[in-house]
Amino acid sequence: MKLKTLALAGVATVAMAVPASAGATTLIGSGSTAAQPYLLPLFKSYSKIHPSIHFVYTADGGNAGVKDVQQGKSQFAAQARAPLPSDAGTTYIKLFLDGLCMDVNSANKLTNLSIQQVRDIYLGNLTSWAGVPGSGLSATIDPFGRDTNGGTYNFFVSSILNNKPPASTVTALLSDGLVANSVAKDPNAIGYNGLAYFPRKGIKPLKLNGVPCNALAVKKLRYPLTRYIWLVLPTANSSRKVEQFADWVRTSVKAGQIIAKAGGVPAFNDTAKKKHHKKK
Amino acid sequence: MDDALLFEERPHWWSDRRAELMLGALACGVLAVVLAMVVFVVTAAWPSFAHNGLHWFGPGGSVDNQIRTIFLSGDQGGPFRWQFHAWPLLWSTFLTTAAAVLISFFCSLFVALFIVEFAPSSVRQVLEPVIRLLASVPSVIYGLIGVLVIVPFIGNHLVSQHEKRSVAYVISLNGYSLAAAVLILTVMISPIMIAIFCDGLRSVPRGWVEASLGLGVNRWRTFWKIAVRTARPALIAGTVLATARALGEAVMLAMVSGSVGFAPNPFDGLIFLFEPSRPLAATILSNSEELSSPPMKHTLYAIAAVLLFSAAMLSLIGWAAKQPMKKYAVRA
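As the structure is a prediction and not an experimental result, all values here were calculated from the model.

Once that is clear, we can look at the overall build of chain A. Tallying secondary structure elements over chain A gives 10 helices and 11 strands in all. Relative to its 280 residues, chain A shows a buried fraction of 47%. Contacts in chain A between residues far apart in sequence, at least 24 positions, make up 70% of those at least 6 positions apart.

So this is what it looks like as structure tokens:
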């Protein structure tokens with residue numbers, strides 16, 4: 001008897017859920033984990049404006065997301081790297097900008113590193129702070145980075161290390177947050193984190209090749225570790241509703257605010273401030 | 001009238017046997033699922049073993065670079081690369097598991113002996129629920145404690161600059177280390193051992209212990225020679241369960257072990273304890289996103305197959321070790 005009640009309750013729950021979503025459209029996406037913290041608030045806000053549209057997003061990694069789009073499993077993907085020849089059949093749309101900052105412990109006096117120095121540290125050629133003028137330290141460098149799951153890892157390895165794997169001296173951590181934590185706890189550490197992580201107690205972003213890691217330099221594309229976050233659509237038969245979402249993310253004031261709040265840099269959005277400064 | 005009819009209609013054998021049949025079917029279902037899983041994992045793992053042969057288990061080259069090469073070869077759709085020498089990962093798994101189980105075994109044995117035989121009942125009433133609670137703490141919590149407290153402590157206080165410099169060209173001694181992994185793993189698996197050891201010690205017949213005490217043998221010797229000896233099958237059962245948990249632990253180890261495909265070398269002296277490594281299960285976790293690359297997928301499944309095989313062997317060894325003890329022991 002009890003079992004029957006339970007089964008009935010189960011059926012009723014399913015039955016109730018179906019009509020609720022019948023009138024709505026669910027857009028299915030997958031891809032970059034780096035883009036996820038930006039996308040989730042964007043999805044939420046967009047669903048508020050367009051109550052009939054819901055999103056399902058699986059953060060399975062940018063490359064996996066593009067494959068999902070190619071195979072028709074996803075209607076869109078988010079990607080944190082530029083298109084490659086293997087991405088045939090997909091269209092990339094620039095959504096907004098993100099910067100990757102090199103950071104050290106706040107006790108470190110260093111303010112600037114060259115790309116070559118960063119490369120030497122992460123390839124294991126430069127192992128002592130004594131070899132880095134301006135650090136005020138003579139200890140061994142403790143480099144931290146992401147494990148291979150991170151889109152941040154791919155971006156760092158391709159843009160700084162020329163696709164060479166990092167040396168065995170680099171400690172690979174599970175998440176960007178753990179990298180920030182390790183740098184804050186270890187006075188001899190160096191790590192990398194997205195713009196969204198700053199300012200934070202205990203860690204200090206460095207200039208790279210003399211360019212500060214901040215929203216302005218990223219927006220003007222002057223900062224070397226600047227990347228676009230892309231939306232990937234199938235070239236044929238892309239969903240009109242996803243395109244509308246992409247337009248909204250790229251251009252609306254509201255989306256710009258959300259992106260900025262999540263730590264990204266809106267690249268195309270009209271902000272109230274920008275309009276004010278526009279030359280006529 | 002109605003009731004009598006119902007009674008007539010339902011044959012007795014059905015009401016007697018339905019529980020038995022249902023449970024039997026469930027058990028067979030579980031067996032079938034396990035079998036299907038083993039077949040699935042081994043099939044998916046085979047290409048990696050086939051391409052590497054026995055070298056799969058041997059040393060040679062940097063395992064991290066091999067993983068990257070394998071992943072890229074599949075990701076770029078080009079000719080697949082398969083070379084994979086898992087020795088550093090196997091060695092790391094063995095070291096962390098063996099050290100943690102060994103330390104944990106002796107600590108747990110003494111704690112269990114204390115709880116069962118020596119502790120006053122007020123202490124016992126507090127200790128036992130606390131230990132049960134510890135056994136069910138999720139490993140991420142242990143990992144976080146490791147990352148926030150233990151790893152910085154080891155990195156900032158136990159490793160000297162001289163030691164760091166001596167290996168700076170190969171690895172960083174920054175606290176993410178074998179020592180941190182073993183320490184936390186020991187704390188993680190001890191509660192399981194203690195709980196099972198306690199049950200084992202408690203089921204030793206009182207008469208045997210009292211007879212020994214009555215003969216004038218002192219307490220310590222009695223418990224060591226009678227209680228612990230009799231409870232040996234329970235000790236083995238507890239150790240096997242704890243070892244299985246240690247073998248399969250991924251999240252905590254990925255967080256504190258340093259995640260470097262490096263084989264800690266005991267000949268380096270004491271700093272061997274502070275060297276980073278990465279066990280098998282943690283390797284699956286940290287490379288899980290690369291499943292999209294076919295050769296990488298097979299390689300990860302090969303790691304899973306090795307873990308599965310070790311777990312099976314572990315149960316078998318536990319079972320075999322218990323056999324000769326059955327005669328004069330309590331069942332665990």
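This part takes up the pairing of strand S3 (residues 76-79) of chain A. Residue and element names in this part refer to chain A. Side chains of S3 alternate between two faces, with Phe76 and Ala78 and Ala77 and Gln79 buried alike. The pairing of strand S1 (residues 25-31) with S3 spans 3 bridges and is parallel. Its bridge partner being in S3, Gly31 is matched across the sheet by Ala78. As defined by bridge partners, S3 adjoins strand S11 (residues 226-234) across 3 bridges and the pair is classed as antiparallel. What sits directly across from Gln79, in S11, is Trp230.

Across soluble globular proteins, you tend to see nonpolar side chains buried next to one another. All names here are of chain B. With 151 residues, the main nonpolar core has Ala180, Ile184, Ile189, Phe197, Leu201 and Val256 as its most contacted residues. The leading source of residues in this core is helix H8 (residues 178-202), at 18 residues. Dropping the residues within four chain positions of it, Ala180 is found in contact with Gly146, Ile150, Val151, Ile154, Gly175 and Val256.

The end-to-end C-alpha separation of helix H6 (residues 139-158) of chain B is 25 Å, well short of the 28 Å expected for 20 residues at 1.5 Å each. For H6(B), the full list of buried residues reads Ser139(B), Tyr142(B), Gly143(B), Gly146(B), Val147(B), Ile150(B), Val151(B), Ile154(B) and Gly155(B). In the core, the buried residues of H6(B) are packed alongside helix H6 (176-185) of chain A together with H8 and helix H12 (251-256) of chain B.

What follows covers the packing of helix H5 (residues 121-135) of chain B against H8(B). All names here are of chain B. Two numbers describe how H5 lies on H8: the axes approach to 8 Å, and their chain directions differ by 135°. In terms of orientation, H5 lies oblique with respect to H8. When the axes of H5 and H8 are compared, the crossing they make is left-handed. Facing Ile131, Arg132, Leu134 and Ala135 of H5, the residues of H8 in contact are Pro191, Ile192, Ile194 and Ala195. In terms of residue class, the contact of H5 with H8 is made up of 7 nonpolar, no polar and 1 charged.

Residue and element names in this part refer to chain A. Most of strand S6 (residues 142-146) is tucked away: 5 of the 5 residues are buried. Examined bridge by bridge, S6 and strand S8 (residues 189-194) share 2 bridges and lie parallel to one another. Its bridge partner being in S8, Asp142 is matched across the sheet by Ala189. Of the strand pairs in this sheet, S6 and strand S7 (residues 171-173) are connected by 3 bridges, and their pairing is parallel. Opposite Gly145, over in S7, you have Ala172 as the bridge partner.

Attention now moves to the interface of chain A and chain B. With 27 residues of chain A at the interface, the matching set in chain B holds 33 residues. Those elements giving two or more residues to the side of chain A that touches chain B turn out to be helix H3 (62-70), S6, S7 and H6 of chain A. Residues belonging to the side of chain A that touches chain B are distributed by class as follows: 8 nonpolar, 13 polar and 6 charged.

Per-residue pLDDT for chain B has a mean of 89; in total, 94% of the residues score no lower than 70. With pTM at 0.80, the complex prediction returns an ipTM value of 0.79.

Residue and element names in this part refer to chain A. Geometrically, the link from Phe198 to Pro199 is a cis peptide bond, its omega value of -5° lying close to zero. Relative to the helices and strands, Pro199 resides in the loop between S8 and strand S9 (203-205). Here the phi dihedral of Asn162 falls at roughly 50°; this positive angle occurs in a residue that is not glycine. Inspection of the secondary structure assignment puts Asn162 in the loop between helix H5 (151-159) and S7. With 9 C-beta atoms counted inside 10 Å, the residue Asn162 sits in the exposed group. You will see that Leu221, though not glycine, has its phi angle at about 60°, which is positive. Locating Leu221 in the fold gives a position in the loop between helix H7 (215-219) and S11.

This part takes up H6(A). The buried count for H6(A) comes to 9 of 10 residues, which makes it a mostly enclosed element. Regarding H6(A), the residues found buried are Asp176(A), Leu178(A), Val179(A), Ala180(A), Asn181(A), Ser182(A), Val183(A), Ala184(A) and Lys185(A).

Take the environment of Ser62(B) next. Relative to the assigned elements, Ser62(B) resides in the loop between helix H2 (12-52) and helix H3 (63-75). Among the residues examined, Ser62(B) registers 17 C-beta atoms within 10 Å and is labelled partly exposed. Each C-alpha atom of the pair Ser62(B) and His85(B) lies 8.2 Å from the other, and the pair is 23 residues apart in sequence. The contact partners of Ser62(B), leaving out residues within four places of it in the chain, are Ser168(A) and Gly261(B).

What counts as what
Residues numbered from 1 in each chain as written. Chains lettered and ligands numbered in written order. Predicted model: local features only at pLDDT ≥ 70, side-chain atom pairs only at ≥ 80, totals over all residues. Helix = DSSP H or I, 4+ residues; strand = E, 2+ residues; numbered from the N terminus. Buried ≥ 20, exposed ≤ 12 C-beta atoms within 10 Å, placed from the backbone. Contact = placed C-beta atoms within 7 Å. Pairing = 2+ DSSP bridges. Core = buried A, V, L, I, M, F, W, Y, C linked by C-beta atoms within 7 Å. Expected span 1.5 Å × (residues − 1). Axes fitted to C-alpha atoms, helices over the stretch in contact; angles between N-to-C directions. Parallel < 35°, antiparallel > 145°, perpendicular 65-115°, else oblique. Left-handed = near helix turned anticlockwise from the far one by under 90°. Nonpolar A, V, L, I, M, F, W, Y, C, P; charged D, E, K, R; others polar. pLDDT = per-residue confidence, 0-100.

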